[in-house]
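A structural walkthrough
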Amino acid sequence: MNKSAIVIQMIDLYYKKRGGTQCEECIELKKYAQYRLEKCPFKDKNMFCSKCSIHCYQPDKKEQIKKVMRYAGPRMLFYHPILTIRHFIGG
């Protein structure tokens, strides 16, 4: 499973708890995250974005994704345990 799939799951979890995953903001953030991860020059290195030397996200999107990760990160183990374990082993 790639980084993009993990980020999408985190975004879905965050927005589901906020009232739905089909809102405009959610869809836009998912598209943006997928686009940025596809263009990442280090996508084959399997490192966490927070440890990266370059930051691909625009400042407003970076803050949005930080909120998502702060909320969804600790909860991913309960909702997607196998995906979470793979992410930590691979990262």
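The structure presented is a predicted model; accordingly, all values stated were derived computationally and were not measured. (Residues numbered from 1 in each chain as written. Predicted model: local features only at pLDDT ≥ 70, side-chain atom pairs only at ≥ 80, totals over all residues. Heavy atoms only, no water.)

**Quick word on the overall build of the protein chain**
Within the protein chain, the regular secondary structure consists of 4 helices and 0 strands. When its helices and strands are written in sequence order, the protein chain yields α-α-α-α. A compact globule built from 91 residues would reach a C-alpha radius of gyration of about 12 Å, and the protein chain, at 13 Å, matches this within 12%. Along the three orthogonal principal directions, the C-alpha set of the protein chain runs to about 35 × 30 × 20 Å. Accessible surface computed for the protein chain: about 6300 Å², of which carbon and sulfur atoms make up 55%. The centroid of the 18 positive side-chain charges in the protein chain is displaced by 7 Å from the centroid of its 8 negative side-chain charges. (Helix = DSSP H or I, 4+ residues; strand = E, 2+ residues; numbered from the N terminus. Rg over C-alpha atoms; globule rule 2.2 N^0.38 Å. Areas by Shrake-Rupley, 256 points an atom, 1.4 Å probe, with all protein chains shown as cover. Lys, Arg positive; Asp, Glu negative; His and termini not counted. Charge placed at Lys NZ, Arg CZ, Asp CG, Glu CD.)

**A short note on the state of the cysteines**
In this structure the tally under the stated criterion is 0 disulfides. Considering cysteine sulfurs only, Cys40 is the nearest to Cys56, which forms no disulfide, with 5.1 Å between them. (Disulfide = S-S within 2.5 Å.)

**A look at the confidence of the model for the protein chain**
Averaged over all residues, the pLDDT of the protein chain is 83; the fraction at 70 or higher stands at 90%. The least confident element of the protein chain, judged by mean pLDDT, is helix 4 (residues 81-90) at 77; the most confident is helix 2 (residues 24-38) at 92. (pLDDT = per-residue confidence, 0-100.)

**Overview of helix 3 (residues 59-79)**
Taking 1.5 Å per residue, 21 residues should reach 30 Å; helix 3 reaches 28 Å between its end C-alpha atoms and fits that length. Of all the bends in helix 3, the largest measures some 40° and sits at Gly73, one to four residues before the proline Pro74. Among the residues of helix 3, those classed as buried are Lys61, Gln64, Ile65, Val68, Ala72 and Met76. (Expected span 1.5 Å × (residues − 1). Bend = angle between axes of the 7 residues up to and from the residue. Buried < 20%, exposed > 50% of the residue type's maximum accessible area, 1.4 Å probe, protein only.)

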